[in-house]
Structure formats: C-alpha cells, structure tokens
Amino acid sequence: MTPARATFAGPRASGPGMHRRAGLVGMALLAIVGALAGCAQLPGSSAPYSTEAVAMSRQVMIMLPSPVRVALRPYDYNGAGYTNGHARARALRIADEIATERGLVVLDDWAMPALEIHCVVARVPDGAEPAVVLDALNHDSRVAWAQPMERYHTLAAGPAGPADQPAAGWTDLDSLHRIATGHRVTIAQIDTGVDLRHPVLAGQWSGARNFVDGREFPAELHGTAVASVAVARSDPGTGLVGVAPGARVMPLRACWDAGAEGAACSTFTLAKSLQHALRAAPRVINLSITGPQDRLLGLLIDRALDQGIVVVAAGDESGGPGFPANHPRVLAVYGDIPPASSHSALQAPSSDILTATPNGSFAFLSGTSFAAAQVSGLTALLLEVAPQLTPGQIAAVLQATAMDPGRQRFVARVDPCAALNAVAQRPGLTCPAAAAGIARLP
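This is a predicted model, so every value here is computed, not measured. (Residues numbered from 1 in each chain as written. Predicted model: local features only at pLDDT ≥ 70, side-chain atom pairs only at ≥ 80, totals over all residues. Heavy atoms only, no water.)

Pairing within the open sheet is antiparallel, and its four strands lie in the order 2-3-1-4. Either end of the sheet is taken by a strand with one partner, and the two such strands are strand 2 (105-112) and strand 4 (145-148). Mean inter-strand twist for the sheet, computed between neighbouring axes without regard to direction, equals 20°. Where strand 1 (residues 59-65) meets strand 3 (residues 117-123), seven bridges bridge the pair, whose relative direction is antiparallel. (Pairing = 2+ DSSP bridges. Helix = DSSP H or I, 4+ residues; strand = E, 2+ residues; numbered from the N terminus. Axes fitted to C-alpha atoms, helices over the stretch in contact; angles between N-to-C directions.)

In structure tokens:
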C-alpha cells in the first residue's frame, strides 16, 4: 500500500500498514484493505508500536526471512505491491503463529529488502522476561534472528547565547565555496523533523519523510539545526551559511523531541529510515545520534557503505557505547575536546555553532551532532569535485590532510581547505597545499 502523504513535507505514514491484534485476521484481504485504508488501524487491534521508553523496553524485533530478491518500485516493499501482497502476508502469517505460541502481541512490521528480511515488532506480555523470549526466538527455525528494541539519543546541548555573536565552526567557508558548494550531492539526514519552511532551508531539501508517526512532518529543533549546519543558504543578517549550500538534504524523521531527555530514536524508526535511504541512494548519510550496538542497524549501515554511501556519525564524548560512530568504516566525528579513542576518528568544531532553529529563528548550539553535520557538508564538497570517491577514499583524504594527525589519540582534526584542495588539484587556490602522499586521487 502506498503511505498517505502530508500536504507539503512528504508522507504522513510512519509504518507500512495497519496495526493488528495477535492472531490471523483475514490475511487474504490485507492488500485490498491496505489499498483502501492507507495506514489506518484495524478495528479492535492492539495498541500501535510505541516510542515511550517504558513501552519500548518490552518490545522485541523479529526478523523473518523474505522471499523477495528483485528490485522493487518505491513504496511497493511495504504495501499491496510487495509481491502482490503475498510476501508480506506470508511474513505476517508466520509472525502471528509465533506470537500466538509465545503470547506476544504483534504491533508493527516493515520489509527490509536490503537484507532480505521482514522486520516485525512485537510486545512481550507482562510477567515474561524479554531476554528469555529473545533467547527462545533465536532458537526458532522460522526466525532469521531476534533482538531487543534499543533507544538512541541525539548529541546536542541547549542554546549557548543569542545569534548575534561572532560565528563559530569553520569560518573560512568563502574559500571552500569558490571551489565547490556540494552541487548535485544529497545528504540523507536521519534525525528529528526539520523546519522545511525556514528561510535558510526552504528549497534546500527534497524527499522529506516521517518514519515515527502519522503526523504531518514537524519542525523540530535538533533536525533543523543539523540541516542548517550542513546545507543552509547564506543569511546576511546572522552570517549563517551551511558548509555545502549547493547540496540538498533529505530529511528522514526517525527521532522525536523527548522533553528534558532531548531527542530520542528507536532501532525500528532508524532502520526504516536507513532502508529508505538505501533505496533513495544519497551520497552521504548523517547520523547525529548515539546508543547501544545494534545488529540490524549495523547490517543496514554496512549495506550503505558497500553501496558507496559515505556514513558520518557523531561521536559520544560522554563515554557511552558510541554506536554507530564506532562501527567499522563509519566516519566518526568528535568535537572540540574529544575523548581518547581506540579507533580512527575525526575532530571538528562543536561549541557555540550558529544554527537555524524552528520558526525562522537562529541560535548557537553545541554538541558533536553539529561537528558531524560539518563533516557531512564537507564530504558533499569533496563529492562534487570528485564524485567517484569511495567512502574509504573520503576517509583517507580527511585523515591525511588533518591539521593534527593525533596519532596518540587516534583523533585527527579536520582541515577542510586542505582536504578540498587535495581533491580539487587546481592552481591558485587560497587553501593550503595538499598533504603529501595524496597529490593525485583516482
């Protein structure tokens, strides 16, 4: 079924179809109902997938093998067109069998053709231990694997002051923009909602989608700020300009404002967004989030990297688990005072960064979320000049041209001018000379 669409900012639907109660409920009619009802909930069905922390702690994700191996048209893999409804119906029939046997309640589902699986979210009944249920599911021959629902959070602090003080972050952007602006490069931003009507972001985005809930695409603080650091058009009043104002951001809402907690995300919402990004094939994915290690998300990130998409993630300076920044081949970006790291990482400004905020406003914010956004923007500049560069080559350029290799800490301070000059190889540039050893790139 094709998800319903918001009036101006992409689809409303967060999920693939109707939420169901446990048990088989007329699977033969599923495709017809879906085509007529969009993403409506079936009468009498259980409560839908919840993003509340307590509810998520009792949710498990069941990966079922999918028979679909062919290229599918957009939206088909989660609707009536998903092999004419039969593949999804088969997956849900198995899910209902498993749920009935173990007392689970099926809440939601989503096809992940990039991994040839169908993901089902279920709630563990009161009185049962999720870890025990997961162990049993992982010994079920019908299940590819099962895992807990994890919770993630963004990496930003509150406003540091009014937006009329000197700009922070990379300040010599004029020199960079004489070489490249990120033209024809798309950055998929998996984050909270973005103020798509903000004066510095209007026209700077495409393909916004909401994978959290059925609301119209909302304007939220974190996503708006991250997008502006990466791609904002110049604002003469504040001096704000994105690192790559010629690029476009694809806002994929996988996170939501969570009050004092900041912004939160889940494995399920992030996985849906990553699956969509794999189909849309941007050149860059920005993940300004952190949380526990996760098998499903790790596999989807691997597919993106194998597909030639550069994945940039914010490092957790609080000493947390640090996923996805610690995932192999991901560009991990820390801020002004990065912690000691046992793996190769990058450093970019993260304090008092001038950003756009909802309702046409501006503020200075801090956090590695914005350090990552700067590196995503710089990656767009590099890809405009040399679109053939692979994720590994981008990482090599940024490491080799670093101002401070940081060999003892494994953290290299990014030099945007040197990196761009190394790739552009044009005479008479104002940026410093390219670092030795990468004078020519393929």
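Following the structure, the description resumes.
Here the focus is the side chain of Thr224. With respect to the helices and strands, the residue Thr224 is situated in helix 6 (residues 221-231). For Thr224, a relative accessible area of 0% translates into the label buried. With near-sequence residues (within four places) excluded, Thr224 lies in contact with Gly193, Val194, Asp195, Leu201, Ala356, Thr357 and Pro358. (Buried < 20%, exposed > 50% of the residue type's maximum accessible area, 1.4 Å probe, protein only. Contact = heavy atoms within 4.5 Å.)

Our next topic: the sheet that holds strand 10 (residues 263-266). Pairing is antiparallel in the open sheet, where four strands are placed in the order 9-10-5-12. If you trace the sheet from one side to the other, it starts and ends with strand 9 (255-257) and strand 12 (289-290), each paired once. Bridge count for strand 9 against strand 10 is three bridges, and the pairing is antiparallel. Among the inter-strand pairings, Cys255 is bridged to a residue of strand 10, identified as Cys265. The strands touched by helix 7 (residues 267-280) within the sheet are strand 5 (151-154), strand 9, strand 10 and strand 12, with strand 10 carrying the most contacts at an inclination of about 75°.

Counting 55 residues, the largest nonpolar core has Val375, Leu382 and Leu398 as its most contacted members. Looking at this core, the elements with two or more residues in it are helix 5 (173-177), helix 6, strand 13 (310-314), strand 14 (331-334), strand 16 (353-357), helix 9 (368-385), helix 10 (391-400) and helix 11 (416-424). Broken down by element, this core gets its largest block of residues, eight residues, from helix 9. When neighbours within four sequence positions are excluded, Leu382 is seen to be in contact with Leu389, Ile394, Val397, Leu398, Ala419, Leu420 and Val423. (Core = buried A, V, L, I, M, F, W, Y, C linked by side-chain atoms within 4.5 Å.)

Here the focus is the pattern of salt bridges. Evaluated as defined, the whole model comprises 10 salt bridges. Across the pair Asp126 and Arg58 runs a salt bridge, and its minimum N-O distance is 3.8 Å. One end of the pair, Asp126, is in the loop between strand 3 and helix 4 (130-137); the other, Arg58, is in the loop between helix 2 (53-56) and strand 1, and 68 residues separate them in sequence. When the shortest N-O distance is used, the salt bridge between Arg253 and Glu220 registers 2.8 Å. Residue Arg253 is located in strand 8 (residues 248-253), and its partner Glu220 is located in the loop between strand 7 (209-210) and helix 6; the two are separated by 33 residues in the primary sequence. (Salt bridge = Lys/Arg side-chain N within 4 Å of Asp/Glu carboxyl O.)

Our focus in this paragraph is the packing of helix 7 against helix 8 (residues 295-306). Interhelical geometry of helix 7 versus helix 8 gives an angle of 15° and a closest axis separation of 10 Å. Our classification of the angle between helix 7 and helix 8 gives roughly parallel. Viewed along their axes, helix 7 and helix 8 form a crossing whose handedness is left-handed. Here Thr267, Leu270, Ala271, Leu274, Gln275 and Leu278 of helix 7 lie close against helix 8, whose contacting residues are Leu296, Leu297, Leu300, Ile301, Arg303 and Ala304. In terms of residue class, the contact of helix 7 with helix 8 is made up of nine nonpolar, two polar and one charged. (Parallel < 35°, antiparallel > 145°, perpendicular 65-115°, else oblique. Left-handed = near helix turned anticlockwise from the far one by under 90°. Nonpolar A, V, L, I, M, F, W, Y, C, P; charged D, E, K, R; others polar.)

Moving on: the state of the cysteines. Evaluated as defined, the whole model comprises one disulfide. A disulfide bridge connects Cys255 with Cys265, and the sulfur atoms are separated by 2.0 Å. On the sign convention where negative means left-handed, the S-S torsion of about 90° between Cys255 and Cys265 marks this disulfide as right-handed. You can see Cys255 sitting in strand 9 and its partner Cys265 sitting in strand 10, a full 10 residues away along the chain. Cys265 carries the same exposure label as Cys255, and that label is buried. (Disulfide = S-S within 2.5 Å.)

Looking now at the pairing of strand 16. Strand residues, when the strand is regular, have side chains that alternate between the two faces of the sheet. Most of strand 16 is tucked away, with five of its five residues classed as buried. Side-chain alternation along strand 16 places Ile353, Thr355 and Thr357 on one buried face and Leu354 and Ala356 on a second face that is also buried. Judged from the five bridges that link them, strand 16 and strand 17 (residues 361-365) form a sheet pairing that is antiparallel. Paired with Thr355 across the two strands is Ala363, which belongs to strand 17. Two successive antiparallel strands, strand 16 and strand 17, enclose a turn made up of three residues, where Asn359 displays a positive phi of approximately 65°.

Attention now goes to the environment of Asn286. Within the secondary structure, Asn286 sits in strand 11 (residues 284-287). On a C-alpha basis, the gap between Asn286 and Val375 in space is 9.0 Å, while along the polypeptide they are 89 residues apart. Residues within four places of Asn286 in sequence aside, it is in contact with Ile187, Ala188, Gln189, Ile190, Val226, Val312, Ala372, Ala373 and Ser376. At 2.9 Å, the side chain of Asn286 and the side chain of Ser288 are in polar contact. (Polar contact = N/O pair within 3.5 Å; in protein donor to acceptor, adjacent residues only side chain to side chain.)

A few words now on the confidence of the model for the chain. Summarising the model, the chain shows a mean pLDDT of 82, and 76% of its residues fall at 70 or more. Confidence over residues 1-47 falls short of pLDDT 50; this stretch has 124 contacts with residues more than four positions distant or in other chains. Ignoring residues within four places in sequence, the model shows residues 70-76, a span with pLDDT below 50, making 13 contacts including any to other chains. (pLDDT = per-residue confidence, 0-100.)

With that settled, consider the packing of aromatic side chains. The full count for this structure, using the stated rule, is two aromatic pairs. Aromatic side chains Tyr152 and Phe323 sit 6.5 Å apart centroid to centroid with 50° between the ring planes, which places their arrangement in the tilted category. Of this pair, Tyr152 sits in strand 5 while Phe323 sits in the loop between strand 13 and strand 14, and the two are 171 residues apart along the sequence. There is no split in this pair, since Tyr152 and Phe323 are both buried. Positioned over the ring face of Trp110 is Lys272, at 5.2 Å from the centre of the ring. (Phe/Tyr/Trp six-rings, centres within 6.5 Å; stacked < 30°, edge-to-face > 60°. Lys NZ or Arg CZ within 6 Å of the ring centre and 35° of its normal.)

The next thing to look at is the packing of helix 9 against helix 11. Running from amino to carboxyl end, helix 9 crosses helix 11 at an angle of 15°, the nearest separation of the two axes being 9 Å. When the axis of helix 9 is compared with that of helix 11, the two are roughly parallel. Helix 11 is crossed by helix 9, and the crossing has right-handed handedness. On the side of helix 9, the interface is formed by Leu378, Leu381, Leu382 and Val385, while helix 11 contributes Pro416, Ala419, Leu420, Val423 and Ala424. The residue makeup of the contact of helix 9 with helix 11, split by class, is nine nonpolar, no polar and no charged.

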